[in-house]
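Next come the chains, spelled out residue by residue.
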Amino acid sequence: MKSSGNLEFAYRRHRLWGVILLLGTAFSSFQGGFAEEGFRYQEADYDGAKLRYFGNIPVLMLSGTPEQMGRQQGKLGAALAQGILSYPKELLDMVGRKGGWPAHLEMAKKMRAQFPPDHLAELQALAKTANLPEELLLATNTLADAYRARIGCSSLIVEASRSKAGSPLFGRNLDFYALGKLHQYSLVIVYRPTGKHPFASVGFPGLLGCISGMNDAGLTLAVHESPASADGSPLFNPEGVPYGLLFRRILEECTTVEEAIKLVQSAKRTTLLNLALCDRQTHAIVEMTPRTVAVRKEPDGIGVCTNHFRTEKLRFITYCPRYDRLIQAKKLDRLGLEEVAAKLHEANQGPLTIQTMIFEPAELRLHLAIGKPPTSARPLEKLDLAPLLRPKTADSR
């Protein structure tokens, strides 16, 4: 087991957990930004793709082959703002990362070989259509694998047996360094890839992987990073599949929690993660490192996940006030949307909480709060994903 000194070293060494925010800023090529109470993405159409508002939620709908979806996202984007292009370098300089942005670009180019072929083809089409350097998109889609900090996310899963509605609920806070910018670019992206499961990803423009999402079978996931493990695993394995793309594969290829676990076990993994999973029947928290995959399931139908490992194989330090607050949900007989939302707000981290969501896997429904943090204090807006996950010919919007 690692010593506490080694853990603190790991924390200091990986103080860039929030750098994924550049996925929302470095590729903020969709027009507009954020006013006090709303986004300014422009509704548009291109080659079957659509950008539409559902209430105050911007939704980008893509479909077709990888190349088609890459072109659609690239075409619906406008020119990058010059100030944003400099942001990634400024961020890395701020945190004092050795080698800064150039060093990460070189590493990202080496990780190109680990990109699933379809996702790489989509990235290349996006880069070409948007007139962006391919290496920029490679870097933004691998940065979270390599560098992290002491920040976290929170999830609360309620199985049907504990749900007031009689069907599962999956609540999730996404916590990142916003630096006054990231919260402006939240976007729901609906993918309808040829020959694969359609899915919805709650993320940011240019983020091809999935950090929070649900597919047409109701399989739902959310990622939570962990700073240390008991198995002595390295914090970063450059030979692994970028984790956002691995989790996108889960939504494209799997329909159940058990299928998702098998896919994780079969893949090369880049770093230390918790993956919260839920389908229409059950849930699981998959704890993973480059060396180990361990699974925990709560027998009472309430699953809680933050940013540490709890299985015997991997647990190291388990103290987390957010976990302690969320676990109190087990004292309630049944929970509905209101109770899950209240618990998520209890676990919020102020300006770091930039997306709050509750998925209903059986109904293919999403309740989402985005905008000015903490989003857990904002009203949740309902988005019915079922019609959006049908083939594009059935979409009348």
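Residue positions are given per chain, counted from 1 along the sequence in the order it is written. In keeping with the predicted nature of the model, local features appear solely for residues at pLDDT of at least 70, side-chain atom pairs appear and are counted solely at 80 or more, and the whole-chain, interface and lining totals rest on all residues. Heavy atoms throughout the structure, all of them, feed into the side-chain values; hydrogens and water do not.

### A short note on the overall build of the protein
Thinking step 1. Looking only at helices and strands, the protein features 13 helices and 18 strands.
Thinking step 2. Across the 397 residues that make up the protein, the buried fraction comes to 62%.
Thinking step 3. Nonlocal contacts in the protein, meaning residues at least 24 apart in sequence, comprise 66% of its contacts between residues at least 6 apart.
Thinking step 4. For accessible areas, the Shrake-Rupley method is used with a probe of radius 1.4 Å. Any residue's cover is judged against the shown protein chains and nothing else. Accessible surface computed for the protein: about 14,800 Å², of which carbon and sulfur atoms make up 49%. Numbered from the N terminus, helices here are DSSP runs of H or I no shorter than four residues, and strands are runs of E no shorter than two. In this scheme, a residue with accessible area under 20% of its type's maximum is buried, one over 50% is exposed, and one in between is partly exposed, where area comes from a 1.4 Å probe on protein chains only. The contact criterion used is simple: two residues touch if any of their non-hydrogen atoms lie within 4.5 Å.

### Regarding the pairing of strand β10 (residues 212-215)
Thinking step 1. On β10, burial covers both faces: Ser212 and Met214 on one face and Gly213 and Asn215 on the other are all buried.
Thinking step 2. For strand β9 (residues 199-203) and β10, the ladder comprises three bridges, and the chain directions are antiparallel. Considered in β10, the bridge of serine 201 is made with glycine 213.
Thinking step 3. In short, DSSP must find at least two bridges between two strands for them to pair. Note: β10 against strand β11 (residues 220-225), three bridges, orientation antiparallel. Counted as the bridge partner of serine 212 is alanine 222 from β11.
Thinking step 4. Linking two consecutive strands that pair antiparallel, namely β10 and β11, is a turn of four residues; a positive phi of about 90° is found at glycine 218 within it.

### Focus: helix α10 (residues 243-253)
Thinking step 1. Across the 11 residues of α10, nine count as buried, placing the element largely inside the fold.
Thinking step 2. If you check which residues of α10 are buried, you get Tyr243, Gly244, Leu245, Leu246, Phe247, Arg248, Ile250, Leu251 and Glu252.

### Focus: the pairing of strand β7 (residues 169-175)
Thinking step 1. Burial within β7 is extensive, with seven of its seven residues counted as buried.
Thinking step 2. Residues Leu169, Gly171, Asn173 and Asp175 line one face of β7 and the alternating positions Phe170, Arg172 and Leu174 line the opposite face, and both faces are buried.
Thinking step 3. Summarising the sheet, strand β6 (residues 154-158) and β7 pair through five bridges and their orientation is antiparallel. Opposite serine 155, over in β7, you have arginine 172 as the bridge partner.

### Some remarks on the environment of alanine 329
Thinking step 1. Checked against the element boundaries, alanine 329 lands in the loop between α12 (321-326) and α13 (337-346).
Thinking step 2. When the C-alpha atoms of alanine 329 and leucine 156 are compared, they prove to be 8.5 Å apart, with 173 residues separating the residues in sequence.
Thinking step 3. Discounting residues that sit within four places of it in the chain, alanine 329 has contacts with Leu156, Arg162, Ile302, Leu335 and Lys343.

### Some details on the pattern of salt bridges
Thinking step 1. Only one rule defines a salt bridge in this text: a Lys or Arg side-chain nitrogen within 4 Å of an Asp or Glu carboxyl oxygen. Enumeration according to the criterion identifies 17 salt bridges in this entry.
Thinking step 2. In this structure, lysine 196 engages aspartate 118 in a salt bridge whose closest nitrogen and oxygen atoms are separated by 2.8 Å. You can see lysine 196 sitting in the loop between β8 (187-193) and β9 and its partner aspartate 118 sitting in helix α7 (residues 117-130), a full 78 residues away along the chain.
Thinking step 3. With a shortest N-O distance of 2.5 Å, glutamate 258 and lysine 297 are connected by a salt bridge. In this pair, glutamate 258 is assigned in helix α11 (residues 257-266) and lysine 297 in the loop between β14 (293-296) and β15 (302-305), connecting sequence segments 39 residues apart.
Thinking step 4. Accessibility expressed as a relative area gives 39% for glutamate 258, which makes it partly exposed.

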